[in-house]
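Letter by letter, the chains look like this.
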Protein chains: 2
Amino acid sequence: MDMVERRPRKQSATRLTAGDWTSAALDAMARGGLAAVAVEPLATHLGATKGSFYWHFANRDALIEAALQRWESDHTDAVITLVEAQPDPLARLRTLIAMVMESTAGPQADSIELAMLATASHPHVAPVLARVTERRVAYTAELFEALGLPAVEARHRALLAVSAYLGHAQLAHAAPQVVPGTAAERSAYVDRIIRLVTAPGDDRQE
Amino acid sequence: MDMVERRPRKQSATRLTAGDWTSAALDAMARGGLAAVAVEPLATHLGATKGSFYWHFANRDALIEAALQRWESDHTDAVITLVEAQPDPLARLRTLIAMVMESTAGPQADSIELAMLATASHPHVAPVLARVTERRVAYTAELFEALGLPAVEARHRALLAVSAYLGHAQLAHAAPQVVPGTAAERSAYVDRIIRLVTAPGDDRQE
DNA sequence: GGAGGAACATACGCCACCGTATGGAGGTGC
DNA sequence: GCACCTCCATACGGTGGCGTATGTTCCTCC
């Protein structure tokens with residue numbers, strides 16, 4: 001609720017850059033979804049007016065595109081590079097699942113991700129989301145393959161894992177009381193999930 | 001795209017009921033989300049004017065509440081009663097998972113469900129979604145308990161199963177190309193999921 | 001230290017939707 | 001057949017956001 005302090009220092013920052021607008025757009029998106037990315041409210045929030053905005057951007061759509069693009073690049077690199085630091089595939093998979101699961105918990109969950117999913121049909125959101133999702137599934141499938149699973153099996157488990165993540169994010173958002181609350185419970189739950197999705201390929205008969 | 005035929009017969013149906021408006025509201029929600037539940041567009045779609053609407057409802061919020069209430073009651077009963085027809089817990093679980101997974105496929109997926117998730121933060125949507133979600137998790141956990149799993153374990157698997165469903169719905173919506181396309185592939189994928197979530201409780205050491 | 005452009009503010013018209021006020025059509029009771 | 005109530009149409013004012021036009025400030029370069 002704290003107001004954004006305008007003219008904070010002396011010289012710089014009294015003038016805005018296009019990046020300031022996209023940052024504010026992503027903030028607004030985290031709070032109120034894509035609908036909250038509105039020019040005039042953003043201008044008020046930044047202590048400016050529309051005149052500034054329409055200098056940096058052609059229209060609202062251009063701002064949305066810029067924000068989505070930045071989210072995609074920022075977001076994609078972050079997780080994967082972190083996971084790649086792990087030594088072996090199992091540790092990577094474990095790190096990956098634990099990370100993303102934890103990211104959906106707490107008061108400051110990844111709201112932008114939820115906002116993206118909530119607006120998946122939007123013409124500008126759809127391609128971004130499709131690319132990110134496809135990349136996630138492909139990368140997770142690679143990890144399962146590195147564990148020795150055949151391709152089809154690996155892809156199935158990757159789909160399940162990514163679905164579990166997306167679904168868990170929705171669960172934590174829509175019904176927070178049903179998901180494990182304490183860190184210890186979450187840890188046990190994540191362990192259980194990891195064991196289930198990494199269970200050895202069974203040879204049970206149908 | 002076919003227009004709604006107004007004044008189709010002779011006497012009745014020239015006048016609308018409150019139910020007609022809630023039906024139209026749910027239709028609109030399936031197409032364009034909660035934002036599409038707008039009075040004037042709905043009136044146009046129904047071949048009427050706002051004058052009619054504001055006779056049956058106090059305001060837009062009242063319509064939304066009525067639509068959500070009807071969705072909750074209609075929706076909750078449908079699935080569970082169908083699943084309860086199965087003889088044993090395993091068959092019920094299998095039927096449940098297969099049903100909901102299939103419901104997210106094809107061109108006519110359950111769009112209302114996605115619209116609900118997309119607007120989970122809305123003050124009227126949140127409680128409805130919380131109730132439905134909690135009920136689903138509790139019921140699924142019951143099925144796992146009936147399979148002989150201890151309570152905590154059953155709840156974890158139920159959470160995973162419901163997450164997988166929600167996530168799969170998002171996946172199919174956001175990145176249709178990554179989910180199994182043909183019925184046969186979907187069937188194999190569902191089989192794989194069922195085997196993973198119903199895998200015998202392991203006793204592997206950490 | 002003045003010219004010119006970059007970065008803004010101000011003011012305007014426009015559109016979509018909400019909600020209200022009021023009048024009018026159509027059935028119903030008697 | 002007329003009063004009456006139900007259901008709806010028409011017309012209006014209000015709000016919030018988009019985009020444009022034009023004035024205004026500040027910075028820069030020479």
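These figures come from a predicted structure and were not determined experimentally. (Residues numbered from 1 in each chain as written. Chains lettered and ligands numbered in written order. Predicted model: local features only at pLDDT ≥ 70, side-chain atom pairs only at ≥ 80, totals over all residues. Heavy atoms only, no water.)

Chemist: Which parts of the structure should I look at to understand the overall build of chain A?
Modeler: Across its full length, chain A holds nine helices and zero strands. Along the chain direction, N to C, the helices and strands of chain A fall in the order α-α-α-α-α-α-α-α-α. Burial statistics for chain A: of 206 residues in total, 46% are counted as buried. Look at the contacts in chain A between residues 6 or more apart in sequence, and 63% of them connect residues 24 or more apart. (Helix = DSSP H or I, 4+ residues; strand = E, 2+ residues; numbered from the N terminus. Buried < 20%, exposed > 50% of the residue type's maximum accessible area, 1.4 Å probe, protein only. Contact = heavy atoms within 4.5 Å.)

Chemist: What exactly am I supposed to notice about the packing of aromatic side chains here?
Modeler: The geometry of two aromatic rings is summed up by the distance between their centres and the angle between their planes. What the rule picks out here adds up to six aromatic pairs over all chains. Pairing B:Trp21 with B:Phe53 gives two aromatic rings, centres 5.3 Å apart and planes at 70°, and the pair type is edge-to-face. Separated by 32 residues along the polypeptide, B:Trp21 in helix α1 (residues 18-32) and B:Phe53 in helix α3 (residues 50-56) bring together distant segments of the chain. By relative accessible area, which is 0% here, B:Trp21 ends up buried. Residue class for B:Phe53 comes out buried when judged on its relative accessible area of 0%. Ring geometry for B:Phe53 versus B:Tyr54: centroids 4.9 Å apart, planes at 90°, classification edge-to-face. In textbook terms, an aromatic cluster arises when at least three aromatic residues are bridged by ring pairs, as seen for A:Trp21, A:Phe53, A:Tyr54 and A:Phe57. (Phe/Tyr/Trp six-rings, centres within 6.5 Å; stacked < 30°, edge-to-face > 60°.)

Chemist: What am I meant to see in the interface of chain B and chain A here?
Modeler: Listed as interface residues are 42 residues of chain B and, on the opposing side, 41 residues of chain A. Approximately 3,900 Å² of surface area, both sides summed, lies buried where chain B meets chain A, with 59% of it carried by carbon and sulfur atoms. For the pair chain B and chain A, the number of links is two salt bridges. Where chain B packs against chain A, one counts eight residue pairs in polar contact (both at pLDDT 80 or more). Secondary structure elements with two or more residues in the side of chain B that touches chain A: α6 (111-118), α7 (125-146), α8 (151-174) and α9 (183-197) of chain B. For the side of chain B that touches chain A, the per-class residue count stands at 23 nonpolar, nine polar and ten charged. (Buried area = accessible area lost by both parts, 1.4 Å probe. Salt bridge = Lys/Arg side-chain N within 4 Å of Asp/Glu carboxyl O. Polar contact = N/O pair within 3.5 Å; in protein donor to acceptor, adjacent residues only side chain to side chain. Nonpolar A, V, L, I, M, F, W, Y, C, P; charged D, E, K, R; others polar.)

Chemist: Help me out: how do you make sense of the protein's contact with DNA strand C in this one?
Modeler: Taken together, 19 residues sit near DNA strand C, with A:Arg15, A:Leu16, A:Thr49, A:His56 and B:Lys50 positioned nearest. Looking at the surface near DNA strand C, the elements with two or more residues in it are α3 (50-56) of chain A together with α2 (39-46) and α3 of chain B. Top element by residues in the surface near DNA strand C is α3(A). It accounts for five residues. Counted by class, the surface near DNA strand C contains seven nonpolar, seven polar and five charged residues. (Near = heavy atom within 4 Å.)

Chemist: How do you make sense of the packing of helix α6 (residues 111-118) of chain A against helix α7 (residues 125-146) of chain A when you look at a structure like this?
Modeler: Residue and element names in this part refer to chain A. At a minimum axis separation of 10 Å, α6 and α7 run at an interaxial angle of 115°. Two packed elements cross with a definite hand, and for α6 against α7 that hand is left-handed. In contact with Glu 113, Met 116 and Leu 117 of α6, α7 contributes Val 125, Val 128, Leu 129 and Arg 136. For the contact of α6 with α7, the per-class residue count stands at five nonpolar, no polar and two charged. (Axes fitted to C-alpha atoms, helices over the stretch in contact; angles between N-to-C directions. Left-handed = near helix turned anticlockwise from the far one by under 90°.)

Chemist: How should I be thinking about the protein's contact with DNA strand D in this particular structure?
Modeler: In the vicinity of DNA strand D lie 18 residues, with A:Val39, A:Lys50, B:Leu16, B:Thr49 and B:His56 positioned nearest. Among the atoms of DNA strand D lying within 4 Å of the protein, the sugar-phosphate backbone contributes 61%. Residue A:Arg60 places a main-chain N or O atom 3.0 Å away from a phosphate oxygen belonging to DNA strand D. In the environment of DNA strand D, a phosphate oxygen lies 3.3 Å from a nitrogen or oxygen atom belonging to the side chain of B:Ser52. If you list the elements that add at least two residues to the surface near DNA strand D, you get α2 (39-46) and α3 of chain A together with α3 of chain B.

Chemist: Explain the packing of helix α4 (residues 60-84) of chain A against α6(A) to me, please; I cannot follow it from the model alone.
Modeler: Relative orientation and spacing of two packed helices are given, respectively, by the angle between their axes and the distance between those axes. All names here are of chain A. In contact at an axis separation of 12 Å, α4 and α6 are set at 125° when each is read in the N-to-C sense. As judged from the angle between their axes, α4 and α6 are oblique. Seen from above, α4 lies across α6 with left-handed handedness. From α4, Leu 68, Trp 71 and His 75 reach across to α6, where they touch Ile 112, Glu 113 and Met 116. (Parallel < 35°, antiparallel > 145°, perpendicular 65-115°, else oblique.)

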